[in-house]
Amino acid sequence: MNTPRKGYPSDVTDAEWEFLTPYLTLMREDAPQRLHPSRKLFDALRYVVKTGCVWRYLPNDFPPWEAVYQQARRWQTAGVFEAIAHDLRIVERLLKDRRENPTATIFDARTLQSTPESGARAGYDGAKKRNGSKVHAAVDTLGNLLALTITAASEQERAQVAELARRVQEATGGTVELAWADQGYTGPDAADAAAEEGIELEIVKHDGAKKGFVLLPRRWVVERTFGWLGRSRRLARDYERLAETLAGYHWVAFLGLLLGRIIRQSS
């Protein structure tokens, strides 16, 4: 007896799927080589990212894990996840009576512990005393992801300013004029790299001796974004063999957050 599958909390709703379909349809749904519906494949990917499930442990009521992984790679290669997140960011900004694209951004990075899968590209973060990968991110003042890059944890934050600034201006159409960052971005090289993309880099420092937790202006916004992303268990550590896969799953997690917020605001 063929009974319908009971949904998971990570499944997309009908309203969400209506928005996502044009992006995720890389071929016709009735194409002869398509064996599984796109919605089921995307639901399975979201399940993996949210729960941290091992691919081969994907529940049997989803399509085979090989099919899900291969389609996820196709979507990622096509830049689908990033495109969705950028369009959703614009929608949310307009709903909040903001300009379509921001004029300011915040840079920061977090270190993820490596695993046997990611160990070959890991590095040691002396400050965090952790071997792993470093996620460098730029967000707007609402905390929405603008750009993201992955390096070994041994890489310095200031060395990634040029790449982050370039990606930020590419995503926003060159509207960003100011970037806030912590003291890990101090130095003339970092400032010059940002300036080459038309961005002024401003370092937000502690006022006097630090005692306990201090909420610093602007910098807390990107820390909150890392907190949001950390709720997806696949992003709690670096489980991926490829850095681009880890980056792609960050975009999958973030577009899910934006979808939920926008649907709630619009309903």
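Description of the structure in this document. (Residues numbered from 1 in each chain as written. Predicted model: local features only at pLDDT ≥ 70, side-chain atom pairs only at ≥ 80, totals over all residues. Heavy atoms only, no water.)

**Notes on the overall build of the chain**
Phase 1: Looking only at helices and strands, the chain has eight helices and six strands in total.
Phase 2: Ordered by position from N to C terminus, the α and β elements of the chain give α-α-α-α-β-β-β-β-α-β-α-β-α-α.
Phase 3: Here the chain holds 267 residues, and the buried ones make up 48% of them.
Phase 4: When contacts within the chain are restricted to residue pairs at least 6 apart in sequence, those whose partners lie at least 24 apart make up 64%.
Phase 5: Accessible surface, the chain: about 13,700 Å² in total, of which carbon and sulfur atoms supply 50%. (Helix = DSSP H or I, 4+ residues; strand = E, 2+ residues; numbered from the N terminus. Buried < 20%, exposed > 50% of the residue type's maximum accessible area, 1.4 Å probe, protein only. Contact = heavy atoms within 4.5 Å. Areas by Shrake-Rupley, 256 points an atom, 1.4 Å probe, with all protein chains shown as cover.)

**Quick word on the pairing of strand S3 (residues 130-139)**
Phase 1: With eight of its 10 residues buried, S3 lies for the most part within the structure.
Phase 2: As defined by bridge partners, strand S2 (residues 123-125) adjoins S3 across three bridges and the pair is classed as antiparallel. Bridge pairing in S3 links Gly123 to Gly132.
Phase 3: The sheet contact formed by S3 and strand S4 (residues 145-152) spans seven bridges and is antiparallel. Looking across to S4, one finds that Lys134 is bridged to Thr151.
Phase 4: Following S3, the chain reverses through five residues before pairing antiparallel with S4; Gly143 in that reversal takes a positive phi of roughly 95°. (Pairing = 2+ DSSP bridges.)

**Re helix H7 (residues 219-230)**
Phase 1: Over its 12 residues, H7 runs 17 Å from end to end, which matches the ideal 16 Å to within 8%, given 1.5 Å per residue.
Phase 2: Listed in full, the buried residues belonging to H7 are Arg219, Val221, Val222, Thr225, Phe226, Trp228 and Leu229. (Expected span 1.5 Å × (residues − 1).)

**Some words on the side chain of Asp108**
Phase 1: Looking at where Asp108 falls in the secondary structure, it is placed in strand S1 (residues 104-113).
Phase 2: Although Asp108 is buried, it makes no salt bridge; Arg219 carries the closest opposite charge, 5.7 Å away.
Phase 3: Sequence-distant contacts of Asp108, that is, excluding residues within four places in its chain, are made with Val135, His136, Ala137, Asp182, Tyr185, Val222, Glu223 and Phe226. (Lys, Arg positive; Asp, Glu negative; His and termini not counted. Salt bridge = Lys/Arg side-chain N within 4 Å of Asp/Glu carboxyl O.)

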